[in-house]
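# Survey of secondary and tertiary structure
Take a look at the letters that make up each chain.
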Amino acid sequence: MRRAPLTSLALCALLTLVGCGDKAWQTKDIAPLMPPLAFTLIDERGETVEAGHYRGDVTLLVFGYTHCPDVCPITLARLAGQLRSLPAERRDDVRVLFVSVDPDRDDPERLAAYTDAFGPAIVGLTGRPAQLDALTKRYRVTYGYGDKDAVGGYAVSHPSGVFAFDRAGDARLLIRDGDGPEDVRHDLERLLAEEG
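This text gives an overview of the structure that appears in the document. Just so it is clear, the structure is predicted and the values come from calculations on it, not from any experiment.

Turning to empty space enclosed by the protein, a few remarks are in order. Where empty space is left can be seen by rolling a probe of water-molecule size over the atoms. The full count for this structure, using the stated rule, is one cavity of 30 Å³ or more. Considered as a void within the structure, the largest cavity measures approximately 40 Å³ in volume. V62, F63, V71, C72, T75, H158, P159, S160 and G161 together form the lining of the largest cavity. Here the lining of the largest cavity gets three residues from one element, more than from any other, and that element is helix α2 (residues 71–85). Here the lining of the largest cavity is composed, by residue class, of five nonpolar, four polar and no charged.

Written as structure tokens, this is what we have:
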């Protein structure tokens, strides 16, 4: 008769220990689904850069364009806030790559002015259509251009999710619009704690 309470006590202790273990990812785990980060693009200084240039940092990949009225500035502002919430010694280990899929309007100078408004961790990139097509196809996303208005302006459709890569450049997470700030911070801190 005394074994049942002891067994229950042991089971409760085991469950408590399991609960103290590593928490699951809070955002979408895409590690088995997406390839490592790879691209050749032009940065906001007008220089050709490859994905390997950012190895060693946790890298966040965002697609958009500088004329975007809502999604892009909101996403970049949220990410900038997330970076400011990280411990000071970790902030320089995260790079946000803002890839403009509107190269006709987003030259390096415009990209630099745009990303500077959100902080030094955010880097503007763009490229020729073939380069952008290769990158978006690699991560199974699309973009497209709307009709021009009377003054030549147009909207650009693009993905709103943020792809997160570890220090080795391996795809790890997809951060979606509905992911809360605490969830994003948890996952960024977890990625930063991993060995590169």
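A separate point is helix α4 (residues 129–138). Residues of α4 that are buried: Q131, L132, L135 and T136. Projected onto a plane normal to the axis of α4, the buried residues spread over an arc of 125 degrees and lie on a single side. Looking at α4, the residues exposed on the side facing more than 90 degrees away from the buried face are A130 and K137. For α4, the elements touching its buried residues are β2 (40–43), β4 (58–64), β5 (94–100) and β6 (122–126). At the exit of α4 stands R140, carrying a positive phi of roughly 55 degrees.

This next bit is on the environment of E182. The topology assignment puts E182 in helix α5 (residues 181–193). Separated by 156 residues in the primary sequence, E182 and Q26 place their C-alpha atoms 8.8 Å from one another.

Moving on: the sheet that holds strand β10 (residues 171–175). Strand order in this open sheet of eight strands is β1-β10-β9-β4-β5-β6-β2-β3, and the pairing throughout is mixed. Lying at the two open borders of the sheet, with one neighbouring strand each, are β1 (28–29) and β3 (48–50). As judged from the four bridges shared by β5 and β6, these two strands associate in the parallel manner. Each bridged residue has a counterpart across the sheet, and for F98 the counterpart in β6 is G124. Sheet strands touched by helix α3 (residues 108–116): β2, β5 and β6. Its angle to β6, the strand with the most contacts, is close to 155 degrees. Of the strands in this sheet, β2, β4, β5 and β6 are in contact with α4, which crosses β2 at around 120 degrees.

What counts and how
Residues numbered from 1 in each chain as written. Predicted model: local features only at pLDDT ≥ 70, side-chain atom pairs only at ≥ 80, totals over all residues. Heavy atoms only, no water. 1 Å grid on protein atoms, 1.4 Å probe; cavity = no way out; pocket = protein on both sides within 12 Å on 5 of 7 lines; lining within 4 Å. Points joined across faces, edges and corners; volume = space filled by probe spheres on them. Helix = DSSP H or I, 4+ residues; strand = E, 2+ residues; numbered from the N terminus. Nonpolar A, V, L, I, M, F, W, Y, C, P; charged D, E, K, R; others polar. Buried < 20%, exposed > 50% of the residue type's maximum accessible area, 1.4 Å probe, protein only. Arc of directions from axis to C-beta. Contact = heavy atoms within 4.5 Å. Pairing = 2+ DSSP bridges. Axes fitted to C-alpha atoms, helices over the stretch in contact; angles between N-to-C directions.

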